[in-house]
Amino acid sequence: GNKKITYEEIITKGEITKGKNLFSLNLKKIGTSISKMPYINTVEVKRKLPDKLLINVTESVPAAYIAYKNIFVVIDKNGKVLERVGSKGGYKIPQVLGIITDKAEPSQKISVKDEEKFKKTLEILRDLYNNNFIDRIQSISMSKEEIILSISDVLTVEMGSYEQFNAKI
């Protein structure tokens, strides 16, 4: 299930060595170590007798950029920080405007000043992602009354309130 994270990085982070007795491995500890990697969403570790260790991972998918100090952070649709980047452009995802961040550590949920507004932002990102629109949006700006999606430099869509956002898409 890995695309962004390499096989070698998973093995290294899980502290797995070839030739070690399969029954001496602590599967829970291996899974916990691997799950601390920024792009790992879920991990499942199993023994396959007689001599194999199976590690299934699902990676988090980048959903938005958020400004943090003088850089940007990439978050997934659950608000987990995947990485810090100097500039936007590595992914075709929108920038969320108007969110003030307190803390943005990779592998952790981003800390913001207005948690309620951020929860609604995450709902919008999930709706955009589930409807395959995430890569078409340049930015998302939100106020207490309305959502504004910037599609391009010349096209802006005012979506109105949060009510029935998924249906409006």
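Here, every reference points to the structure presented above.
Predicted model, so just to flag it, every value in this text is computed and none were measured. (Residues numbered from 1 in each chain as written. Predicted model: local features only at pLDDT ≥ 70, side-chain atom pairs only at ≥ 80, totals over all residues. Heavy atoms only, no water.)

Participant: So what's going on with unusual backbone geometry? Residues and values would help.
Facilitator: Of note, the bond from L49 into P50 is cis; its omega dihedral lies within 30 degrees of zero at 20°. Positive phi, close to 55°, is recorded for E15, a residue that is not glycine. Inspection of the secondary structure assignment puts E15 in the loop between α1 (7–13) and α2 (27–35). Of note in the backbone geometry, K69 takes a positive phi value of approximately 55° without being a glycine. If you trace the backbone, K69 turns up in the loop between β3 (62–68) and β4 (71–76). (Helix = DSSP H or I, 4+ residues; strand = E, 2+ residues; numbered from the N terminus.)

Participant: Please set out α2 residue by residue, giving values where relevant.
Facilitator: If you check which residues of α2 are buried, you get L27, I30, G31, S33 and I34. Projected down its long axis, α2 shows its buried positions confined to an angular sector of 165°, all on one face. Packed against the buried residues of α2 are α1, β1 (40–48) and β2 (52–59). The backbone nitrogen of K28 lies 3.2 Å from a side-chain oxygen of the residue at the head of α2, namely N26. (Buried < 20%, exposed > 50% of the residue type's maximum accessible area, 1.4 Å probe, protein only. Arc of directions from axis to C-beta. Contact = heavy atoms within 4.5 Å. Polar contact = N/O pair within 3.5 Å; in protein donor to acceptor, adjacent residues only side chain to side chain.)

Participant: Any details on the pairing of strand β11 (residues 156–160)? Residues and values, ideally.
Facilitator: Consecutive side chains of a regular strand alternate in pointing toward one face of the sheet and then the other. When strand β10 (residues 147–150) meets β11, the two strands line up antiparallel, connected through four bridges. From the neighbouring strand, L149 faces β11, where its bridge partner is V157. Connecting β10 to the antiparallel partner β11 that follows it, the hairpin turn spans five residues. (Pairing = 2+ DSSP bridges.)

Participant: Residue-level account of helix α3 (residues 115–130), with values.
Facilitator: If you check α3, its first and last C-alpha atoms are 22 Å apart, about what 16 residues at 1.5 Å a residue would give, namely 22 Å. For α3, the set of buried residues is K117, F118, T121, L122, I124, L125, D127 and L128. (Expected span 1.5 Å × (residues − 1).)

Participant: Break down the packing of aromatic side chains for me, citing the residues and quoting the values.
Facilitator: By the definition in use, this model includes one aromatic pair. Arranged with centres 6.3 Å apart and planes meeting at 70°, the rings of Y65 and F72 form a pair that is edge-to-face. Like Y65, the residue F72 is buried in the burial classification. Across the ring face of Y39, the terminal group of K4 is positioned such that the distance to the ring centre comes to 5.3 Å. (Phe/Tyr/Trp six-rings, centres within 6.5 Å; stacked < 30°, edge-to-face > 60°. Lys NZ or Arg CZ within 6 Å of the ring centre and 35° of its normal.)

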